[in-house]
Amino acid sequence: MPDLSHPLLLAQNATTTNAIINHYATSSQFTTLANYEGSAILQRDDEDAEKLQRGIDIAKQKGVIDPKFVPEEYITVDVLGKSPEEVADDILMTVRSSTSNNEDNKDGAKGGVVVLCGLSGTGKGTTVATLKHKLETDQGKQVVCWSNGNIFRSVTLLAATWCELHPDESEGGDITKALTKENLNSFINMLSFGKFKDDKYDTRICGLGLDYLVSEVQNTELKAPKVSKNIPTVAEVTQGEVILFAAEAIRQMGEDGIFVLLEGREQTVNYVRTPLRFTLTLSDMSLIGKRRAAQRLAAGVLGCVGEGASVEEIEKALDGQLEMMVKEATSA
């Protein structure tokens with residue numbers, strides 16, 4: 001294992017966390033912190049899953065999504081003991097096999113859709129970033145990492161704008177008054193996906209006096225307070241509509257030769273048709289907490305040691321951070 005140097009901490013990657021986990025392999029304090037972090041992650045995952053399922057159930061009740069829909073089978077990838085590069089290579093082996101067996105892909109022009117699921121802490125984000133790099137660098141593919149977040153924000157912006165245009169009906173801006181079945185259908189129809197500028201795919205918001213491209217307002221209008229504070233309320237009742245919009249957008253890009261990487265929870269990504277579906281797992285679940293604990297320790301130490309800090313100084317700072325975090329965890 002590499003020394004706990006400042007450059008290693010600064011990298012904040014899998015090598016960093018593995019080095020810290022190895023350093024504290026026999027530490028009871030680190031085990032305490034890791035258990036606390038692991039339990040918190042699993043609890044949040046369960047709570048998020050329950051909220052998401054409520055939204056999916058609402059969509060099924062409204063008839064927006066088919067309650068009998070069956071997705072393609074997921075391929076399980078155990079990431080225990082593997083680097084992000086090794087995990088990505090495992091996935092790409094299946095991708096290459098699938099595309100080479102697809103008669104429509106003989107000319108190599110087709111793209112594809114890769115779906116990635118898994119509990120928090122299994123490395124989904126890192127794996128997506130590694131896949132993107134390998135597909136672009138090694139295979140010369142055009143890659144898009146899709147997120148439903150901006151679509152939820154777009155619908156929320158339309159709902160908030162409707163409230164502004166209808167102060168009486170919205171009773172002074174109550175966002176729930178905008179979320180009727182008719183309004184939601186109207187809001188979704190105000191969104192379109194395609195190539196609108198510079199031959200690049202984008203989502204257009206056009207209605208209620210608005211005319212935006214999401215790529216141009218994702219860090220401004222779509223992050224305004226009137227949007228951010230209302231996203232949870234809107235998202236709960238628009239899961240189905242957003243899922244179907246995203247599925248169609250992803251289908252378009254895949255058929256246009258783009259590789260789309262989609263990370264998310266099974267309840268939502270189930271509705272995107274692709275045989276390339278993967279679930280990341282850890283056969284040693286304790287590693288989820290250990291990874292999060294190591295990440296927190298690395299970030300904490302970076303805030304209190306300088307570039308020229310020695311290994312001994314860094315180890316001392318790590319011990320101090322660990323003691324402080326364990327006290328916080330056990331007193332919570």
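Here the structure is a predicted model, which means the values were calculated and not measured.

Things to note about helix 7 (residues 181–189)
In an α-helix, one turn spans 3.6 residues, which is why side chains three or four residues apart end up on the same side.
So, point 1. Taken together, the buried positions of helix 7 are occupied by N183, L184, F187 and I188. The buried residues of helix 7 occupy an angular sector of 135 degrees when projected down its axis, which confines them to one face. Across from the buried face of helix 7, at angles greater than 90 degrees, the exposed residues are K181, E182 and N189.
So, point 2. Looking at the buried side of helix 7, the elements it contacts are helix 3 (28–62), helix 6 (149–165), strand 4 (191–197) and helix 10 (231–255).

Here's the deal with the pattern of salt bridges
When their charged atoms lie close together, side chains carrying opposite charge are able to pair.
So, point 1. Enumeration over the complete set of coordinates arrives at 20 salt bridges.
So, point 2. Between E164 and K226 there is a salt bridge, and its shortest N-O distance comes to 3.1 Å. Taken together, the residues span a long stretch of sequence, with E164 in helix 6 and K226 in helix 9 (residues 225–228) at a distance of 62 residues.
So, point 3. Taking the relative accessible area as the measure of exposure, E164 reaches 49% and is therefore partly exposed.
So, point 4. Take K226: its relative accessible area is 26%, and that puts it in the partly exposed class.
So, point 5. Each of E37, R296 and E328 takes part in salt bridges that share partners, so that together they form one network.

Focus: the packing of helix 6 against helix 7
So, point 1. Their axes nearest at 10 Å, the elements helix 6 and helix 7 cross at an angle of 125 degrees. When the interaxial angle is binned, helix 6 and helix 7 end up oblique. The two elements helix 6 and helix 7 cross, and the hand of that crossing is right-handed. In this structure, helix 6 contributes V155, L158, A159 and W162 to the contact, and helix 7 contributes N183, F187 and I188.

Description of empty space enclosed by the protein
So, point 1. Counted by the stated rule, this structure contains one cavity of 30 Å³ or more.
So, point 2. Each pocket or cavity is described by its volume, and for the largest cavity that value is around 30 Å³.
So, point 3. Taken together, N148, I243, A246, I250, L262, T268, V269 and V272 make up the full set of residues lining the largest cavity.
So, point 4. Those elements that place two or more of their residues in the lining of the largest cavity are helix 10 and helix 11 (266–269).
So, point 5. Looking at the lining of the largest cavity element by element, the count peaks at three residues for helix 10.
So, point 6. When grouped by side-chain class, the residues that make up the lining of the largest cavity number six nonpolar, two polar and no charged.

Digging into the nonpolar core
So, point 1. Ranked by size, the top nonpolar core spans 46 residues in total, and within it I20, F30, I91, V114, L297, I314 and L318 carry the most contacts.
So, point 2. In terms of residues, this core owes the most to one element, helix 12 (residues 286–302), which gives eight residues.
So, point 3. Those residues in contact with L297 that lie beyond four places of it in its chain are I20, Y24, F30, L33, L318, Q321, L322 and M325.
So, point 4. Of all hydrophobic cores here, the second largest spans 44 residues; its members include F193, L222, I231 and A247.

Regarding the sheet that holds strand 5 (residues 200–207)
So, point 1. With antiparallel pairing, three strands are arranged side by side in an open sheet as 4-5-6. Since the sheet does not close on itself, it has two edges, and those belong to strand 4 and strand 6 (210–213), each with one partner. Mean inter-strand twist for the sheet, computed between neighbouring axes without regard to direction, equals 30 degrees.
So, point 2. Relative to strand 6, strand 5 runs antiparallel, the two being bridged by four bridges. The residue of strand 6 that forms the bridge with G207 is L210.

Procedures and definitions
Residues numbered from 1 in each chain as written. Predicted model: local features only at pLDDT ≥ 70, side-chain atom pairs only at ≥ 80, totals over all residues. Heavy atoms only, no water. Buried < 20%, exposed > 50% of the residue type's maximum accessible area, 1.4 Å probe, protein only. Helix = DSSP H or I, 4+ residues; strand = E, 2+ residues; numbered from the N terminus. Arc of directions from axis to C-beta. Contact = heavy atoms within 4.5 Å. Salt bridge = Lys/Arg side-chain N within 4 Å of Asp/Glu carboxyl O. Axes fitted to C-alpha atoms, helices over the stretch in contact; angles between N-to-C directions. Parallel < 35°, antiparallel > 145°, perpendicular 65-115°, else oblique. Left-handed = near helix turned anticlockwise from the far one by under 90°. 1 Å grid on protein atoms, 1.4 Å probe; cavity = no way out; pocket = protein on both sides within 12 Å on 5 of 7 lines; lining within 4 Å. Points joined across faces, edges and corners; volume = space filled by probe spheres on them. Nonpolar A, V, L, I, M, F, W, Y, C, P; charged D, E, K, R; others polar. Core = buried A, V, L, I, M, F, W, Y, C linked by side-chain atoms within 4.5 Å. Pairing = 2+ DSSP bridges.

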